[in-house]
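Geometric and topological summary
What follows is the residue order along each chain.
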Amino acid sequence: MKARIRITLKTGVLDPQGKAIQHALSALGIAGVEDVRQGKYIEVKLGDTSEAKARETVERMCKDLLANTVIENYAYELVDQS
Amino acid sequence: MLRASVIVFPGSNCDRDIKVALEGVTGFPVAMVWHGDQSVPACDLIVLPGGFSYGDYLRCGAMAAHSPIMRDVIAKAKAGTPVLGICNGFQVLCESGLLPGVLMRNASLKFICRDVWLRIENDTTFFTKCYRTDQVIRLPVAHAEGNYFADAATLDRLEEEGRVVLRYCDEAGEVTDAANPNGAQRNIAGICDETGRILGLMPHPERLFELALGGADGRRVIESALLSVLEAAA
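As the structure is a computational prediction, the values presented were derived from the model and not from experiment. (Residues numbered from 1 in each chain as written. Chains lettered and ligands numbered in written order. Predicted model: local features only at pLDDT ≥ 70, side-chain atom pairs only at ≥ 80, totals over all residues.)

**Considerations on the overall build of chain A**
Test applied: Per the convention used, a helix needs a DSSP run of H or I reaching at least four residues, while a strand needs a run of E reaching at least two, with both numbered from the N terminus. By definition, residues are in contact whenever their C-beta atoms, placed on the basis of the backbone, come within 7 Å of each other.
Of regular secondary structure, chain A possesses two helices and three strands. Summarising the internal contacts of chain A: among those between residues at least 6 apart in sequence, 72% fall at separations of at least 24.

**Remarks on the overall build of chain B**
Basically, it comes down to this: It is over C-alpha atoms that the radius of gyration is taken, and the globule rule equals 2.2 Å times the number of residues to the power 0.38. Using C-beta atoms placed from the backbone, we call a residue buried if 20 or more other C-beta atoms fall within 10 Å of its own, exposed if 12 or fewer do, and partly exposed for counts in between.
The helix and strand tally for chain B stands at five helices and 11 strands. What you see for chain B is a C-alpha radius of gyration of 16 Å, in line with the 17 Å of a compact globule of 234 residues. When the backbone C-alpha atoms are referred to their principal axes, chain B occupies close to 45 × 40 × 35 Å. By the burial criterion, 56% of the 234 residues in chain B qualify as buried. Across chain B, contacts joining residues at least 24 apart in sequence account for 75% of those joining residues at least 6 apart.

**Some thoughts on the pairing of strand 1 (residues 2-9) of chain A**
All names here are of chain A. Definition in use: Paired strands are those between which DSSP finds at least two bridges.
By the bridge criterion, seven bridges tie strand 1 to strand 2 (residues 39-45) in an arrangement that is antiparallel. Directly across from Arg6, in strand 2, lies its bridge partner Tyr41. Where strand 1 and strand 3 (residues 72-79) come together, eight bridges link them in antiparallel fashion. The partner of Ile5 across the bridge, within strand 3, is Tyr76.

**Regarding the sheet that holds strand 3 of chain A**
Residues and elements named next belong to chain A. Going by this rule: In this analysis, axes come from line fits to C-alpha atoms, helices being fitted only over the stretch in contact, and the angle between any two N-to-C directions falls in the range 0 to 180 degrees.
An order of 2-1-3 is seen for the three strands of this open sheet, with the pairing classed as antiparallel. The sheet is open, and its two borders are formed by strand 2 and strand 3, each paired with just one other strand. Adjacent strand axes in the sheet meet at a mean angle of 20°, parallel and antiparallel pairs treated alike. Where helix 2 (residues 51-66) meets the sheet, it contacts strand 1, strand 2 and strand 3, and its direction lies at approximately 35° from that of strand 1.

**Topic: helix 5 (residues 219-233) of chain B**
Residue and element names in this part refer to chain B. Just so we agree on the cut-off: For a helix, the expected span equals 1.5 Å multiplied by the number of residues minus one.
Under the 1.5 Å per step criterion, the end-to-end length of helix 5 is 21 Å for 15 residues, consistent within 8% with the ideal 21 Å. Within the span of helix 5, buried status applies to Arg219, Arg220, Val221, Ile222, Ser224, Ala225, Leu226, Ser228 and Val229. Where helix 5 is buried, its residues touch helix 1 (15-26) and strand 3 (45-48).

**Description of the environment of Leu109 of chain B**
Residue and element names in this part refer to chain B. Tracing the backbone through its elements, the reader meets Leu109 in the loop between strand 5 (102-104) and strand 6 (112-120). For Leu109, a count of 12 C-beta atoms within 10 Å puts it in the exposed group. With 68 residues separating them along the chain, Leu109 and Asp177 place their C-alpha atoms 16 Å apart.

**Quick look at the sheet that holds strand 7 (residues 136-143) of chain B**
All names here are of chain B. If you walk across this open sheet you meet the nine strands as 2-1-3-4-11-10-9-6-7, and the pairing is mixed. Of all strands in the sheet, those with a lone pairing partner are strand 2 (30-34) and strand 7, marking the two edges. Neighbour-to-neighbour, the strand axes of this sheet turn through a mean angle of 25°, independent of strand direction. Where strand 10 (residues 188-192) meets strand 11 (residues 198-201), three bridges bridge the pair, whose relative direction is antiparallel. Following the sheet pairing, Gly190 is matched in strand 11 by Leu201.

Take it as geometry only, folks, not as evidence of what the structure does.
Rendered as structure tokens:
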């Protein structure tokens with residue numbers, strides 16, 4: 001089983017990197033961009049486990065290490081690799 | 001006597017600077033403790049030094065906060081051993097939950113390496129009792145992630161409890177946006193825990209601890225720690 005984890009900045013937390021990306025897009029002549037927010041994508045391969053157990057594990061890894069919940073939200077999906 | 005331990009993470013690069021500063025000011029030898037060790041020797045002060053622990057992977061200080069040695073650092077800190085976190089050490093303190101908030105990417109996105117003016121906001125902590133409140137000092141900063149962030153309730157609580165210890169200001173001591181190098185909320189450069197014994201700060205006191213380095217405004221952080229230990233022993 002694989003967990004696809006997305007970590008994003010919470011609403012209201014300034015994202016200067018997103019702003020810099022937005023400016024770069026504008027400099028490239030790509031119009032119509034209203035806002036850019038950047039984040040992280042992490043794939044974690046899990047051993048044989050039930051979905052419930054996998055959720056428990058992924059929740060724990062997100063809370064304890066992968067996301068800093070002061071400023072970041074996390075979301076994930078579990079995909080069966082077979 | 002002040003027995004200090006400096007924790008060395010892979011990527012720490014100010015560990016020897018603070019050792020030299022501590023030994024120069026106090027005259028007592030400093031223990032260097034590797035991050036993979038299980039316990040910190042009994043001591044009066046633990047220092048988490050500046051640098052780029054674990055190459056700043058994931059988030060600054062995030063990996064170091066889960067180093068084997070940190071379990072004992074956290075246990076000792078909670079039991080009352082004073083902890084000083086400088087720059088990356090401040091980031092580690094926040095990531096490990098010993099201090100609230102987080103240090104985000106500088107608002108300018110640039111690595112900032114220069115001297116800044118700081119106003120002492122609380123002269124009663126373990127690390128600041130040799131300064132006086134409202135005193136303006138000069139110390140170097142060198143970081144890309146020093147933009148202090150916490151939610152409004154946390155910031156208000158820090159202010160009410162006198163836990164904002166240092167603020168970025170101008171030479172006259174005015175706390176202004178122009179004097180804020182990194183976008184930190186309320187110009188916060190350093191905060192402490194409820195007891196005043198755990199201090200995290202972005203500026204580097206060890207880089208200006210004697211006049212030969214171009215200034216000695218950082219010396220009193222160490223002198224304060226020494227005085228605090230001597231007072232507690234008396």
